[in-house]
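Descriptive structure summary
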Amino acid sequence: MSEIALEARHLYKVFGKNPGQAVRRLQDGQSRSDVLDAGTAAVIDASFTVERGEIFVVMGLSGSGKSTLIRMLNGLLPPTAGEVIIHGSDVSAATPRELREIRRRSVSMVFQHFALLPHRTVIDNAAYALEIQGVAKAERLERARAILDKVGLAEWADSRPDELSGGMRQRVGLARALTAGTDIMLMDEAFSALDPLIRREMQEQLVELQQELGRTIIFITHDLNEAMFLGDRIAVMRDGRIVQLGTPEEILTDPANDYVAQFVQDVDRTRVLTARTVMEPPHLTTPVSAGVRGALRVLREQQARAVFATEGRRLVGVVTDRAVIRAVKAGQTDLRAIVDQSVLTVGPDELLTDIVESAVESPVPLAVVDETRRLIGVIPRVTLLATLGNVEPSTRELPVVSTPLDMVAEFTPLVDAAANAAPAAGAGADGGPTTTTEEGAL
Amino acid sequence: MDIAQWFADGARIPLGAWIKDLIDFLTTYGGWFFDFVAATFLAVYDASTWLFTTPPTWAVILVIAALSFWAKGWKLAVGAALGLVLIDLVAQWDNAMLTLALTVVAVLIATTISVPLGIWAARSQTVSNIVRPVLDFLQTMPAFVYLLPAIFLFSVGPVPGIVATIMFALAPGVRLTELGIRGVDKEVVEAGHAFGATPGRILRQIQLPLAMPSIMAGINQVIMLSLSMSVIASMVGAPGLGRPIVQALSSVNIPLGFEAGTAVVVIAMILDRITGGFGTRDRSRRRTSFSKTSEPDAAPAAA
Ligand SMILES: Nc1ncnc2c1ncn2[C@@H]1O[C@H](COP(=O)(O)OP(=O)(O)OP(=O)(O)O)[C@@H](O)[C@H]1O
Ligand SMILES: [Mg+2]
């Protein structure tokens, strides 16, 4: 299934007096600033593969070498060293003629400032690539019209680019690249010149089109939010090097180094992270079968105000400390009777954006359940706040509960005794202390 | 000792003598070439002269008025017709037509040299580096100075006039063409490359159309410089309005000088407005009907 559309192998690009020497010195382990006397190393040892149908995002600050990298992919810039392989042919070794052929057949491009031909109508711009490919006029206009329709510009076909707004112009740029019919599309900061609202709209449209047409897209941006939204995988560049390559979630939750960590600091995490990525194992659970007494014990051990009641790992509802105490006093043993079933739940793939509101209002941690209502995790408010507030992810791993837990363990026998004393003796038939904390992990 | 002597003599280098030697050399060994050039130019000039002097006055006025109308509108057409009538009324019609004929030839040749040269300079930094100082030289050298070598190489008559005119008028054509093409949005040119267009197609479909306003401004400059130079060229025997002006100068004939001068101004204004009109009208026309004319290989409409 995963067919490779494009592969970059140890790409280097050095501008300046002595590029070859600079590359050798970089290969010998010298740094970018060490070789400054020989030239500016814009891209250093970049290797990656892009799979068919994937949106591969290259992200980095200004000057990190993104444009240089993408221009080597379709041969607009020849690499100083290394290779670019597109569908098995080596772009870097191609003659000008072969290069033109590769560009016509396999790679098209969308530009930051649209780069439309100002003296041509929208439809002629959209059909430009086909014109170069030598497609007959009637056919290319028809194909261009179909794509213009898709990007919502059908009625502007006979206008000139300067009569359109920025967003519309970039749609023409997009249409031109889509009409070309190439499998791979390169997009260099394609949405950076647009204002935020239009930009968001374009991003959504791009994802839609990509799903519909299945193109391979290599997208350049300096905006992490954009990268996270669009990317199936993201390569983070710094000073010419790819410092991390991974899925958006990997990059967010496990930044390879301080640079990436700092970079991802400002990202709007709620747009990227799903409930699954931030949820924690559900410690606060008790099986319905453990009865009121079991619930009471968990509440004491965990020093909590409420606990999730489960049955065969499925969520039944929430039991509050108040209800438990009342039940204990009344001599009730059936937990099911006091469970509040109207508890808020979220799906594992819901974005944090969508769950923040419910989480903040809920007195208990949010329950994350799958389609069969199985409790697979919980999101305590503090976790959510930490994520939004961008507290170091490692904090989450700290065993904050272990110390109190140990302490509580000492008192457990006493608590058990107290609990046993109150209800009728029959309740003990439940079968001793039930595992509580591991319940969710079963 | 020689050097000391040379300093004692005032440290003069005989630059002028060297140039003269060079020209002597050229006439001796390149004579056939200059004869060929002279013959070609003369033939073209004769054709052009025939074109302007054979038809009756009213016919020429009508054609120029029509051209003005096409380029810009009825106001220019009326203005041009009135101006031409004025020239006829001050008895400078024949001279004016000869000047026009010479100017047209010089402009045609200067354009066919300068536009391709400008394109070449825009694409190659080396060419640009070589061409630039040569153009500086050509443009700043006082116009009269061209006349001397032109006489030596082509003897007197219209040909040295044409040659001197071309030399003098070449520079802005090259410069503005190069500037225009270099000024084309780099991303748009890159787009052409990115979609696999050949360099020739990029030149025809992207660079030339987008550089056209600048190129037209260059051609306009070439025309104006040619006109002024063609008057000066009368000093070496080129026919036209320059003759009465030179004559008026030597005999302090104010009325004659003024009449001929007015004729030059009228022609200059007509030419300037017509070419200027073509420069802007060209774009506005494409604005409305480009989609109908955008055949893949249709060269951009040049003036
Ligand atoms: N033609 C060139 N000649 C010399 N240096 C260059 C050239 N092009 C790029 N550079 C240098 O290479 C480095 C990377 O540039 P590049 O344009 O690839 O960065 P970028 O990541 O695209 O930045 P931006 O976000 O500003 O577009 C920069 O230091 C730049 O100065
Ligand atoms: Mg860039």
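As the structure is a computational prediction, the values presented were derived from the model and not from experiment. (Residues numbered from 1 in each chain as written. Chains lettered and ligands numbered in written order. Predicted model: local features only at pLDDT ≥ 70, side-chain atom pairs only at ≥ 80, totals over all residues. Heavy atoms only, no water.)

**Examining the overall build of chain B**
Each helix and strand counted, chain B has 13 helices and zero strands in total. Walking chain B from its N terminus toward its C terminus, one meets helices and strands in the order α-α-α-α-α-α-α-α-α-α-α-α-α. Its C-alpha atoms put chain B at 75 × 55 × 35 Å along the principal axes. A separation of at least 24 residues holds for 78% of the contacts in chain B among residues at least 6 apart in sequence. (Helix = DSSP H or I, 4+ residues; strand = E, 2+ residues; numbered from the N terminus. Contact = heavy atoms within 4.5 Å.)

**As for the site of ligand 1**
Residue and element names in this part refer to chain A. In the region of ligand 1, the neighbouring residues are Phe15, Arg32, Ala42, Leu61, Ser62, Gly63, Ser64, Gly65, Lys66, Ser67, Thr68 and Glu189. One of the backbone nitrogen or oxygen atoms of Gly63 is found 2.7 Å away from an oxygen atom of ligand 1. Contact distances for ligand 1 include 2.9 Å between an oxygen atom and a side-chain N or O atom of Lys66. Isolated, ligand 1 exposes 630 Å² of accessible area, and the fraction of that covered by the protein chains is 58%. Among the elements that line the shell around ligand 1, the one with the most residues is helix α2 (residues 66–73), at three residues. Residues of the shell around ligand 1, tallied by class, amount to three nonpolar, six polar and three charged. (Near = heavy atom within 4 Å. Polar contact = N/O pair within 3.5 Å; in protein donor to acceptor, adjacent residues only side chain to side chain. Areas by Shrake-Rupley, 256 points an atom, 1.4 Å probe, with all protein chains shown as cover. Nonpolar A, V, L, I, M, F, W, Y, C, P; charged D, E, K, R; others polar.)

**Here's the deal with the pairing of strand β1 (residues 4–15) of chain A**
Residue and element names in this part refer to chain A. Across eight bridges, the pairing between β1 and strand β2 (residues 40–51) is antiparallel. Paired with Ala8 across the two strands is Phe48, which belongs to β2. Of the pairings in the sheet, the one linking β1 to strand β4 (residues 81–86) comprises five bridges and is antiparallel in character. By the bridge assignment, Ala8 is partnered in β4 with Val84. (Pairing = 2+ DSSP bridges.)

**Observations regarding the interface of chain B and chain A**
Taken together, the contacts link 25 residues of chain B with 33 residues of chain A. Here chain B packs against chain A, burying approximately 2500 Å² in sum over the two surfaces, 54% of which is carbon and sulfur. Along the contact surface separating chain B from chain A lie two salt bridges. For the pair chain B and chain A, the number of links is seven residue pairs in polar contact (both at pLDDT 80 or more). When contributions to the side of chain B that touches chain A are tallied by element, the ones reaching two or more residues are α10 (186–194), α11 (199–232) and α13 (254–293) of chain B. When residues in the side of chain B that touches chain A are grouped by element, the largest group, seven residues, is from α10(B). (Buried area = accessible area lost by both parts, 1.4 Å probe. Salt bridge = Lys/Arg side-chain N within 4 Å of Asp/Glu carboxyl O.)

**Overview of the sheet that holds β2(A)**
All names here are of chain A. Reading across from one edge, β2-β1-β4-β5 is the order of the four strands in this open sheet, with antiparallel pairing throughout. Edge strands, defined here as strands with exactly one partner in the open sheet, are β2 and β5 (89–90). Bridge count for β4 against β5 is two bridges, and the pairing is antiparallel. Each residue of the ladder has a partner; that of Ile85, found in β5, is Asp90. In the packing of helix α1 (residues 19–27) onto the sheet, the strands contacted are β1, β2 and β4, and the crossing angle to β1 comes to about 110°. Most of the contacts of α2 go to β1, to which it runs at about 125°, and overall it touches β1, β2 and β4. (Axes fitted to C-alpha atoms, helices over the stretch in contact; angles between N-to-C directions.)

**Topic: the pattern of salt bridges**
Residues and elements named next belong to chain A. For the structure on display, the rule yields 24 salt bridges over all chains. Measuring nitrogen to oxygen at the nearest pair gives 3.7 Å for the salt bridge that ties Lys66 to Glu189. Of this pair, Lys66 sits in helix α2 while Glu189 sits in the loop between β7 (184–188) and α8 (196–213), placing them 123 residues apart in sequence. Each of the two residues, Lys66 as well as Glu189, counts as buried. Between Glu201 and Arg171 there is a salt bridge, with the nearest N and O atoms lying 3.0 Å from each other. Here Glu201, found in helix α8, pairs with Arg171, found in helix α7 (residues 166–179); they are 30 residues apart in sequence, far enough to count as distant. Overall, the relative accessible area of 41% leaves Glu201 in the partly exposed class. (Buried < 20%, exposed > 50% of the residue type's maximum accessible area, 1.4 Å probe, protein only.)

**Thoughts on the packing of aromatic side chains**
When we look at a pair of aromatic rings, we describe it by the centre distance and by the angle of the planes. Residues and elements named next belong to chain A. Taken as a whole, this structure holds six aromatic pairs over all chains when the rule is applied. Here Phe48 and Phe56 contribute two aromatic rings whose centre-to-centre distance is 4.9 Å and whose plane-to-plane angle is 15°, an arrangement assigned as stacked. For the pair Phe48 and Phe56, a shared accessibility class is recorded, and that class is buried. The ring of Phe229 has Arg200 sitting right over it, with the charged end atom 4.4 Å from the ring centre. (Phe/Tyr/Trp six-rings, centres within 6.5 Å; stacked < 30°, edge-to-face > 60°. Lys NZ or Arg CZ within 6 Å of the ring centre and 35° of its normal.)

**Some words on the packing of α10(B) against α11(B)**
All names here are of chain B. Following both chains from N to C, one finds α10 and α11 inclined at 170°, their axes separated by 10 Å at the closest point. For the element pair α10 / α11, the angle class is roughly antiparallel. For the pair α10 and α11, the contacting residues are Val188, Val189, Gly192 and His193 in the first and Ile202, Ile206, Gln207 and Leu210 in the second. Its residues assigned to classes, the contact of α10 with α11 shows five nonpolar, three polar and no charged. (Parallel < 35°, antiparallel > 145°, perpendicular 65-115°, else oblique.)

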